[in-house]
Amino acid sequence: MDLPRVLGVDACKKGWVGVSVSEDGRLTAYHAPEIDELVATVEQDGKVDVVAVDVPIGLADAGRRQADVLARKEAGPQWYSVAIVPVREALESENLTAAKEANLRLAGEGFTPQAFSLKTRILQVDRWVREAQVQVVEVHPEVSFAALAGEHLRSRKSSWSGSHERRELLARAGIMLPNELGDPGLKANVGDMLDAAVAAWTARRVARGEARALPDPPETFSDGLSCAIWI
């Protein structure tokens, strides 16, 4: 009988990186160009109970997602890492100018170019999650790391101290990232791998019934998707 197994997923420059963790502590890293391909590859090695993805799921029709507002509070000094996700019409716009006009009209504010640069990844997950045969939840790595630490983290993940602090937090939680991760370790940068690993930590909490949602209960917009960031 297969042990319960979860998957944390993060986008990287060369596609998607995933970290699977089983209840006996086995950890495997994966990489694929598309998210559906990634999950399918992971499932070839055994059933996955929960997938946690660092990409917005559930897009607001107007205004801000409460998930983003609450996650910023949870992240503390790292609040800036939590982007306010543009409304659906903005993300479905053909160009940045049209997107900004749509978001200003429907949300009363602009957004960072970084938020729009994630459009392709967000819409890819938006399509995939509707057909996924596994439970999928949205996470935010810095919010998960704060929960894992039991306090707000002051170090940046990109700093020497920050990366080592986060790796140590994961190790204490039984998620041991080895120095050698094969091809995924070559395709993803340090931040991507740390994010996928802490997403797996949150996925494990969801599978065990220990996680909480921001907000609780989740919001639902016209797309019908459950919108919450899980920690």
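Shown above is the structure to which this text applies.
If you're wondering where the values come from, they're calculated on a predicted model, not measured in any experiment. (Residues numbered from 1 in each chain as written. Predicted model: local features only at pLDDT ≥ 70, side-chain atom pairs only at ≥ 80, totals over all residues. Heavy atoms only, no water.)

## Some thoughts on helix 4 (residues 96-107)
Defined as follows: Strands are runs of DSSP state E lasting at least two residues, helices are runs of H or I lasting at least four, and both sets are numbered from the N terminus onward. In this scheme, a helix's expected span is set at 1.5 Å multiplied by one less than its residue total. Exposure classes here rest on a 1.4 Å probe applied to the protein chains alone. A residue is buried below 20% of its type maximum, exposed above 50%, and partly exposed in between. Relevant arc is that of directions from the helix axis to the C-beta atoms, nothing else. Contacts were defined at the residue level, with two residues in contact if any of their heavy atoms lie within 4.5 Å. Under this definition, polar contacts are N or O atom pairs within 3.5 Å; protein pairs additionally need one hydrogen-donor-capable and one acceptor-capable atom, and for neighbouring residues in sequence, both atoms have to be side-chain atoms.
With 12 residues, helix 4 should cover 16 Å at 1.5 Å per step; its first-to-last C-alpha distance of 15 Å lies within 8% of that length. Residues of helix 4 that are buried include every one of A99, A102 and N103, and no others. In an axial view of helix 4, the angular spread of the buried residues amounts to 95 degrees, which keeps them on one side of the axis. Set apart from the buried face of helix 4 by more than 90 degrees, the exposed residues are T97, E101, L104 and R105. Turning to helix 4, the residues buried within the fold contact helix 3 (88-91) and helix 5 (113-117). The residue sitting at the N-terminus of helix 4 and contributing the capping side-chain oxygen is N95; that oxygen lies 3.2 Å from the backbone nitrogen of T97. Backbone geometry just after helix 4 places G108 at a positive phi near 75 degrees.

## Describing the layout of surface pockets
By rolling a water-sized probe across the atoms, one finds the places where empty space is left. The line we're drawing: Here a cavity is any set of points on a 1 Å grid over the protein atoms alone where a 1.4 Å probe fits but cannot get out, and a pocket is any open set with protein on both sides within 12 Å along at least 5 of 7 lines; a residue lines the site when it has an atom within 4 Å of a point. Grid points are joined across faces, edges and corners, and a volume is the space filled by probe spheres set on the points. Note on residue categories: nonpolar means Ala, Val, Leu, Ile, Met, Phe, Trp, Tyr, Cys or Pro, charged means Asp, Glu, Lys or Arg, and polar means any other residue, Gly included.
In this structure, the largest pocket encloses a volume near 1100 Å³. Every residue lining the largest pocket is counted, 45 residues in all, and those nearest its centre are D54, S81, Q114, L118 and H140. Sorting the residues of the lining of the largest pocket by element identifies strand 1 (5-12), helix 2 (66-75), helix 4, helix 5, helix 6 (119-128), helix 7 (141-149) and helix 10 (190-208) as the ones contributing at least two each. Estimates place the volume of the second largest pocket at around 350 Å³. Taken together, 15 residues make up the lining of the second largest pocket; nearest its centre are R167, P178, L181, V190 and M193. Looking at which element gives the most residues to the lining of the second largest pocket, the answer is helix 8 (residues 160-172), with 4 residues. Residues of the lining of the second largest pocket, tallied by class, amount to 8 nonpolar, 5 polar and 2 charged.

## Examining a negative patch on the surface
Our working definition: Residues forming no salt bridge and having over 30% relative accessible area are the ones grouped into patches, like charges within 9 Å of each other and nonpolar side chains (Val, Leu, Ile, Met, Phe, Trp, Tyr) within 5 Å. Residue burial considers only the protein chains on display, and all accessible areas are found by Shrake-Rupley using a 1.4 Å probe. By definition here, a salt bridge exists when the distance from a side-chain nitrogen of Lys or Arg to a carboxyl oxygen of Asp or Glu is within 4 Å. Charge assignment: positive for Lys and Arg, negative for Asp and Glu; neither His nor the chain ends contribute. In this description, the location of a charge corresponds to atom NZ of lysine, CZ of arginine, CG of aspartate or CD of glutamate.
Taken together, the side chains of E34, D36, E37 and E131 present a region of like negative charge at the surface. Within the element layout of this structure, E37 appears in helix 1 (residues 35-43). Residue E37 is classed as partly exposed on the basis of its relative accessible area, which comes to 38%.

## Some remarks on unusual backbone geometry
Omega for the peptide link from L214 to P215 comes to -5 degrees, which places this bond in the cis form. Relative to the helices and strands, P215 is located in strand 6 (residues 213-220). For the peptide bond that leads from D216 to P217, omega is 5 degrees, which places it in the cis range. Tracing the backbone through its elements, the reader meets P217 in strand 6.

## Section: the packing of aromatic side chains
Definition in use: Two rings from Phe, Tyr or Trp (for Trp, the six-membered ring) form a pair when their centres are within 6.5 Å of each other. A pair whose planes differ by under 30 degrees is stacked, one over 60 is edge-to-face, and the rest are tilted. As a reminder, the over-ring test applies to NZ of lysine and CZ of arginine, requiring each to be within 6 Å of the ring centre and within 35 degrees of the ring normal.
A full pass over the atoms with the stated rule returns 2 aromatic pairs. A ring pair is formed by W79 and Y80, whose centres lie 6.4 Å apart and whose planes are at 80 degrees; its orientation type is edge-to-face. Since its relative accessible area comes to 43%, W79 is described here as partly exposed. Its end group placed over the ring of W16, R121 keeps NZ or CZ at 5.3 Å from the ring centre.

## A closer look at the nonpolar core
Our working definition: Note on terminology: a nonpolar core comprises buried Ala, Val, Leu, Ile, Met, Phe, Trp, Tyr and Cys residues joined through side-chain atoms within 4.5 Å.
Grouped together as the largest cluster of nonpolar side chains are 31 residues, with contacts concentrated most on V19, F145, L148, L170, L177 and M193. Looking at this core, the elements that each hand over two or more residues are strand 1, strand 2 (15-22), strand 4 (50-53), helix 7, helix 8 and helix 10. A total of 10 residues in this core trace back to one element, the largest contributor, which is helix 10. Among the nonpolar cores identified, the runner-up in size contains 26 residues, and V9, V53, L123 and L225 belong to it.

So far we have only geometry, and geometry alone does not tell us how the molecule works.
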